[in-house]
Amino acid sequence: MSSENSSADDERRTADDGQRVWDVVVVGGGPAGASAAYAAAVAGRSVLLLEKAELPRYKTCGGGIIGPSRDALPPGFELPFRDRVHAVTFSMDGKFARTRRSRNMLFGLINRPEFDQQLVEFAQKAGAELRTGATVSRVEQHGSAVPDRRTVAVVLQGGETVLARAVVGADGSASRIGAHVGVKLDQVDLGLEAEIPVPETVAEDWQGRVLIDWGPMPGSYGWVFPKGDTLTVGVISARGEGAATKRYLEDFIARLGLAGFEPAISSGHLTRCRAEDSPLSRGRVLVCGDAAGLLEPWTREGISFALRSGRLAGEWAVRIAEAHDAVDARRQALNYAFAIKAGLGVEMSVGKRLLGAFERRPGMFHAGLTGLRPVWKAFAGITRGSTTLGEIIRSHPMVGRALTTLDRRPEGAEAAEGER
Ligand SMILES: Cc1cc2nc3c(=O)[nH]c(=O)nc-3n(C[C@H](O)[C@H](O)[C@H](O)COP(=O)(O)OP(=O)(O)OC[C@H]3O[C@@H](n4cnc5c(N)ncnc54)[C@H](O)[C@@H]3O)c2cc1C
């Protein structure tokens, strides 16, 4: 680096009082944050990744890695699979069980603590600096903590302030950065999960096979995801039905004959889907992953959304960091929003239609997946990443029309929908 560049660099990296100014500060070290930090670091920027927990940390999650998640990983990343899924048993609240098999792998299963830590290590190798045990309490874009208009102050619990030219909020579904940006939601669900260690004979029975059970509450479902000697058993349903969701999980576990095994971990976590007109940025701050409410509304699959939006946020944060005034920063933030809306936004709106149809007619979904080969093939193609629901609807307009018919609300259903 020439001395001219070096002094320009130093000037960029220190505020008037000599405090370091990072090009990009990322808040949250999950898949979204690690992905953003990696993208910004690979572009040669100074990146600080702030994570409140010590790593590896637990995250309530099935750990299902579908094709789009695999495809969004940094080059050279090896997935730490605990199992590879070749068969799916579908049931309806424990009844009408039928298993579908596939010669090719459908999707993979990982343990989140391991997977997330590996992603963070990739970001570190690309040059990002990691600080764990650092809880961000707020960001400020004006006021005494901010030395100039091109800088954002990230305030940590305890009062310490970190300065950045751009901030990426990837702090999950209870996001403080999301609150700063003003993220609006139109779907919040509660997921409950138990990590159940099982004896070898039980583990063998589940190897390579998952169970998906359509639940008793509208839009709910349960799953068993095997991870070697442990089964991840969970359910998800609309928030506000906590007692019924808990009962569903207990009944589900009992029905499967797993009630006698003590879970190593039992936990719950909210998932949130953004409203279509929700902002994705404010000034020099972008949000991605769960913090932005980016999630597949029907399956609540969020790892691929976190990885993909994280990478885009990291790339656009680099451009915001380079922006010399508010107008340029705003232009770059809008470009980020366009990129998200054109890709993940479209997938979310198709997913929302699917959820609407599923809430009203779960039996049709069950019958289709277990009885109709094209429906099963579409499911397999989506999990493998060889197609998307959007593509299927575009190439088979009949599927779109069928969804519209299934999604048609009976009279008076809007009021009930409002309550949800
Ligand atoms: C029960 C359940 C099952 C699921 N199963 C699947 C599945 O099988 N497949 C799938 O693709 N998706 C699944 N999801 C969704 C998936 O878990 C999330 O979408 C995904 O974790 C989002 O990643 P993220 O990086 O945005 O957020 P997170 O993974 O939540 O990461 C956020 C990080 O930010 C940190 N943080 C939070 N606040 C602060 C702060 N103030 N300061 C600093 N750090 C902070 C947290 O400690 C955390 O490490 C599931 C979700 C639930 C609830």
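For the structure itself, look to the data block above.
The rules behind each value
- All chains use their own residue numbering, which begins from 1 and follows the written sequence.
- The predicted nature of this model means local features are confined to residues of pLDDT at least 70 and side-chain atom pairs, given and counted, to a pLDDT of 80 or more, with totals for whole chains, interfaces and linings taken over all residues.
- Think of it this way: DSSP has to see at least two bridges between two strands before they count as a pair.
- Secondary structure follows DSSP: runs of H or I at least 4 residues long count as helices, runs of E at least 2 residues long count as strands, and numbering of each begins at the N terminus.
- A set of buried residues drawn from Ala, Val, Leu, Ile, Met, Phe, Trp, Tyr and Cys, joined through C-beta atoms within 7 Å, is what defines a nonpolar core.
- Put simply, a residue is buried when 20 or more other C-beta atoms lie within 10 Å of its own C-beta and exposed when 12 or fewer do; between those, it is partly exposed, and each C-beta is set from the backbone.
- The contact criterion used here is simple: two residues whose C-beta atoms, placed from the backbone, lie within 7 Å are in contact.
- Angular values range over 0 to 180 degrees, each being the angle between N-to-C directions of two axes fitted as lines to C-alpha atoms, with helices fitted over their stretch in contact.
- With the far helix as reference, a near helix turned anticlockwise by less than a right angle produces a left-handed crossing, and one turned clockwise produces a right-handed crossing.
- Only Asp, Glu, Lys and Arg are considered charged in this grouping, and only Ala, Val, Leu, Ile, Met, Phe, Trp, Tyr, Cys and Pro are considered nonpolar; every other residue, Gly among them, is considered polar.

### Considering the sheet that holds strand 4 (residues 81-85)
Right, so step 1: Here we have three strands laid out as an open sheet, ordered 3-7-4, and antiparallel in their pairing. The strands lining the two open edges of the sheet, one partner per strand, are strand 3 (64-65) and strand 4.
Right, so step 2: Direction of pairing for strand 4 relative to strand 7 (residues 107-110): antiparallel, over a ladder of four bridges. Following the sheet pairing, Phe81 is matched in strand 7 by Ile110.

### A short note on the nonpolar core
One recurring pattern in soluble globular proteins is that nonpolar side chains are buried together.
Right, so step 1: With 108 residues, the main nonpolar core has Val24 and Ala317 as its most contacted residues.
Right, so step 2: Ignoring anything within four residues of it in the chain, the contact list for Val24 reads Ala40, Arg45, Val47, Ala164, Ala166, Val168, Ala317, Val318 and Ala321.

### Some points on the packing of helix 2 (residues 31-42) against helix 8 (residues 303-322)
Right, so step 1: It is at 7 Å that the axes of helix 2 and helix 8 come closest, and there the two elements cross at 35 degrees. Judged by the twist between their axes, the crossing of helix 2 over helix 8 is right-handed. In this structure, helix 2 contributes Pro31, Ala32, Gly33, Ser35, Ala36, Ala37, Tyr38, Ala39 and Ala40 to the contact, and helix 8 contributes Ile303, Ala306, Leu307, Ser309, Gly310, Arg311, Ala313, Gly314, Glu315, Ala317 and Val318.
Right, so step 2: Residue composition of the contact of helix 2 with helix 8, by class: 13 nonpolar, five polar and two charged.

### Observations concerning the pairing of strand 2 (residues 47-51)
Right, so step 1: Where burial is concerned, most of strand 2 is hidden: five out of the five residues are buried.
Right, so step 2: The side-chain alternation of strand 2 yields two buried faces, one formed by Val47, Leu49 and Glu51 and the other by Leu48 and Leu50.
Right, so step 3: The pairing of strand 1 (residues 21-27) with strand 2 spans four bridges and is parallel. Paired with Val24 across the bridge in strand 2 is Val47.

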